[in-house]
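Observations on chain architecture
Here's the letter readout for the chains.
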Amino acid sequence: MNPNSTTIMSEKRRTLLMMLTPAVVVLILVTVFPLGYLFWTSLHKWEFGAAEKVFILFGNFVKMAHDTRFWNSVLLALSLIGMAVGLQIGIGLIVSERLYRPFKGKNIVRMLLLLPMVSPPVVVGVMWRMFLQPRLGIVSYLLGLIGVKNPWLANPKTALFAIAAVDTWQWMPFVILMLMAGLASIPDELSEAAQADGATQLQIFRYILLPLLKPVIIITVLFRVIDTLKVFPKIFIMTEGGPGTATEIMNFYAFRTTFQYSRFGYGSALSFTIFAVCILLSIGIMSTFKVRSE
Amino acid sequence: MKRKKLVLWLLSIMSVCLFVVSAQAQEWSWKKAAQPYKGETVYVLVNFHPDIEATLPIYKEFEQETGIKVQFDLLVRRTMDIKAETELAAQSGAYDLMHIGLWKTARYAKRDWAEPLGKYINDPKLTGPDFDLDDFVYNALRALTDKDSKIRGLPWSTETGLIYYRTDLLDKYGIAEPPKTFEEMKEVCKKVYTKDIPSIALRSVRGYGVNMWSFGRYVGSFGGSYFDDFMRPTINTEEWIKATTFYAGLNQKYGPLGVGAYKHYELVQDFSQGKLVMVEDAGPWGKVFNDPEKSTVVGKWKAAVLTKGPVKHRFSHYTHGLMIPRMARNKEAAWLFLQYMTSKEFQLKRALVFGGGSVTRTTALEDPRYKITFDFGGWGRVNAESLAIASKVEDPYFVPYYLPEYKEIGDSIGIALQNIITGDQSPEEALNSANKAVLEILEEAGYAGKPTSQFRP
């Protein structure tokens, strides 16, 4: 090999390393180190009032495997994801298909759509808790006019659905915007050609637009699944994990265990498990639909 | 002779001077006591509470008198609890005074994180002659005293539960007196119930300090207990089933729609908006119900002592206090402020001037001005009467507050109770689950099998 080219390569590599180093250092500090510490803590029994942490290796994870309340929280998290993401994608597709075509007042509609999305989660929680109050809430009142009387947040059968519905209200605009961006990137000639051949709007959407939207849908689903798994302020304010444990999803259970029961070791194990679940879900979603990055 | 007279005069003058100097040396004042700590800042972590709201306008007088600054960090109760435990676990020393309450004393005493206050109380330089420890309301101080009789905090607010009832609505149904027993409560609820204005609401949301605060007394009132003689839970016994059935039954049959998600905020809101006939909750809410800016039922309600159960008369109780964390940086200054805030004069002033009526001093409770000021709805009299009755009962609290693990135990039972109220589980099913969960907590803590007497104060 030409020694000059070797020198150039080394120099290039050095330059690359130098440019990457700050980013890597930041990544390690804000991601790798905290996660590593979290995992390290999860290997200990560490509770309020204990003089020291006691190393118990995977003792907390073994405990988790037998913890019915943990498995309940997993089931609830999966249910919440199914309901919320299902609603958001389903309704989002219909609405985005309508909205991406030009119409009068489109910009105003798009602006209004953004409002729920930009509201702080705490505000959303407080607002909807008031709206759903059985006797004084406006939503409860309006539903009562059509014969639907239900204490949404006090009924264990409907509390989780209520959380999913509020989450849908808040984040469906995000889904709509993502899908609209995806639709806008599809050449109009394809739809026009199909239309010229006699295809209906539904057929165009189903056989042309939807397949081409697949990568955008997958990314949107991924974002929403991870965000739904992390939902916290709404649950904290609206139900506090209740009634009973009806809305105590994984991260809420981890929060209670760590900060209210002061079981830091077990709480860390729960938190690390949530992180692992997020990673696994992401990999699962990506590989199921075989999305390749360019 | 002249010389003799002169000597006598000089001796007399010297004696008088010595007496004056010694008297001055013995005279205690805030200014004098605080002199070595002038310029320090005391950081206080405490919750939003009507009695703290009443404290804020007047604590500046302490600053003016002593030169010690006070910085309050006010948070909503749950958030404050989380922050406090995190700070204590990290031993940060960020606060000089932190909230302590009935079910925190055992937790903080276990790790010695709350300074025992004996050394400050007994220090004549730091504690004034009028301090009078015996003047504190008995159960208020007891709540902050650990099982080794060390005082870990001083109380700034103490409360029992009271029944608040609408006099106009009871009159409408020909009911002359509020219910005094559980049976009478059930009868009154049955008689006065309407869909628009339900009879009663009790706390339902799960939590050691939420539904367990109200419910705890029902267990004892039915003759139940939390543990047998060897720290094994007895939460699924007949008495517990009766207590939960009764409590849940009142809510389910005579409570408002959605009562299964009610905390104290909803109870207070409904009653003050005229949407409930009765409510059973904490003493400080009387101030809210009497405030024309917050309540539509001013002049239409009265307070009553909690109802008596079939076996015993038990009370809901809580005491809010402040403690000095072991790792605090300005302990003496913190003690001076704590002493000031819980002194007879301050407690009375807070009550008379700003309505912070849940005082912790007996002299304040018995002061004629206090009695006149808090006469609305008979609140002052009933509150004092309840505190007095509760102080004579052997175990007035009736939750195992003496266990550091009470938060988790209370939460486990609170979940079961809320499940019963919402109808998600039967009492038997829910209490069996709770009993199992509590047994696991006790076994993990190493308590199960040990004599219960060694844990109780």
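Residues numbered from 1 in each chain as written. Chains lettered and ligands numbered in written order. Predicted model: local features only at pLDDT ≥ 70, side-chain atom pairs only at ≥ 80, totals over all residues.

On to the overall build of chain B. Along the backbone of chain B there are 21 helices and 8 strands. Radius of gyration (C-alpha) of chain B: 25 Å, near the 23 Å computed for a compact globule of 457 residues. Principal axes of the C-alpha set define a box for chain B whose edges measure 100 × 55 × 35 Å. Looking at chain B as a whole, 52% of its 457 residues are labelled buried. (Helix = DSSP H or I, 4+ residues; strand = E, 2+ residues; numbered from the N terminus. Rg over C-alpha atoms; globule rule 2.2 N^0.38 Å. Buried ≥ 20, exposed ≤ 12 C-beta atoms within 10 Å, placed from the backbone.)

Within chain A, the secondary structure is distributed over 12 helices and 2 strands. Each helix (α) and strand (β) of chain A, taken in turn from the N terminus, gives the series α-β-β-α-α-α-α-α-α-α-α-α-α-α. For the C-alpha atoms alone, the extent of chain A along its principal axes is close to 80 × 70 × 30 Å. Here chain A holds 294 residues, and 32% of them are scored as buried. Looking at chain A alone, contacts between residues at least 24 apart form 74% of all its contacts between residues at least 6 apart. (Contact = placed C-beta atoms within 7 Å.)

Turning our attention to the domain arrangement of chain B. Residues and elements named next belong to chain B. The domain boundaries assigned to chain B delineate domain 1 (40-158 + 318-392) and domain 2 (160-317 + 394-454). Computed from C-alpha atoms alone, the centre-to-centre distance between domain 1 and domain 2 is 26 Å. Per-element accounting of the side of domain 1 that touches domain 2 gives the leading share, 8 residues, to helix α19 (residues 379-392). Grouping the amino acids of the side of domain 1 that touches domain 2 by side-chain chemistry returns 11 nonpolar, 8 polar and 5 charged. (Domains from an automatic or database assignment. Nonpolar A, V, L, I, M, F, W, Y, C, P; charged D, E, K, R; others polar.)

Time to look at the packing of helix α3 (residues 68-99) of chain A against helix α9 (residues 201-229) of chain A. Residues and elements named next belong to chain A. At their nearest, the axes of α3 and α9 sit 10 Å apart, and the two run at 145° to each other. Once α3 is placed against α9, the crossing between them reads as right-handed. Here α3 contributes Ala77, Leu80, Ile81, Ala84, Val85, Gln88, Ile89 and Glu97 to the contact with α9, which in turn contributes Phe205, Ile217, Thr220, Val221, Arg224, Val225, Thr228 and Leu229. For the contact of α3 with α9, a count of residues per class yields 11 nonpolar, 3 polar and 2 charged. (Axes fitted to C-alpha atoms, helices over the stretch in contact; angles between N-to-C directions. Left-handed = near helix turned anticlockwise from the far one by under 90°.)

Here the focus is helix α13 (residues 264-272) of chain B. Residues and elements named next belong to chain B. Across the 9 residues of α13, 7 count as buried, placing the element largely inside the fold. Of the residues making up α13, those classed as buried are His264, Glu266, Leu267, Val268, Asp270, Phe271 and Ser272. Where α13 is buried, its residues contact β4 (154-166), β5 (200-201), β6 (278-282) and α14 (285-289). Where α13 ends, the next residue or the one after it, Gly274, has phi of about 75°, a positive value.

Okay, the nonpolar core next. In terms of nonpolar packing, the biggest core is built from 163 residues, with B:Leu97, B:Tyr164, B:Ile200, B:Leu322, B:Leu336 and B:Phe337 touching the most fellow members. Domain assignment of the residues forming this core places at least three in each of domain 1 (40-158 + 318-392) and domain 2 (160-317 + 394-454) of chain B. Those residues in contact with B:Leu97, other than ones at most four positions away along the chain, are B:Val42, B:Val44, B:Leu322, B:Ile324, B:Ala334, B:Phe337 and B:Leu338. A:Val175, A:Ile176, A:Met178 and A:Met180 belong to the second largest nonpolar core, which has 11 residues in total. (Core = buried A, V, L, I, M, F, W, Y, C linked by C-beta atoms within 7 Å.)

With omega at 0°, the peptide bond leading from A:Gly242 into A:Pro243 counts as cis. On the secondary structure map, A:Pro243 appears in the loop between α10 (233-238) and α11 (250-260). Look at B:Met231: it is not a glycine, yet its phi comes out positive at around 55°. Here B:Met231 lies in the loop between α11 (211-221) and α12 (238-254).

With that out of the way, let us pick up the pairing of strand β3 (residues 97-101) of chain B. Residue and element names in this part refer to chain B. In terms of residue burial, β3 counts as a mostly covered element, since 5 of its 5 residues are buried. Of the two faces of β3, the one lined by Leu97, His99 and Gly101 and the one lined by Met98 and Ile100 are each fully buried. Sheet topology note: the strand β1 (residues 41-47)/β3 ladder contains 2 bridges and is parallel. When the sheet's bridge partners are listed, Val44 is paired in β3 with Leu97. Pairing of β3 with strand β8 (residues 317-323) involves 4 bridges; the strand directions are antiparallel. Its bridge partner lying in β8, His99 is registered against Leu322. (Pairing = 2+ DSSP bridges.)

What follows is about the confidence of the model for chain B. Keep in mind that low pLDDT regions are not for reading the predicted coordinates in detail. Per-residue pLDDT for chain B has a mean of 91; in total, 96% of the residues score no lower than 70. Interface confidence for the predicted complex, expressed as ipTM, amounts to 0.84; the pTM equals 0.87. (pLDDT = per-residue confidence, 0-100.)

Judged by how many residues are buried, helix α15 (residues 331-341) of chain B sits mostly within the fold: 11 of 11 residues are covered. By the burial criterion, the buried members of α15(B) are B:Lys331, B:Glu332, B:Ala333, B:Ala334, B:Trp335, B:Leu336, B:Phe337, B:Leu338, B:Gln339, B:Tyr340 and B:Met341.

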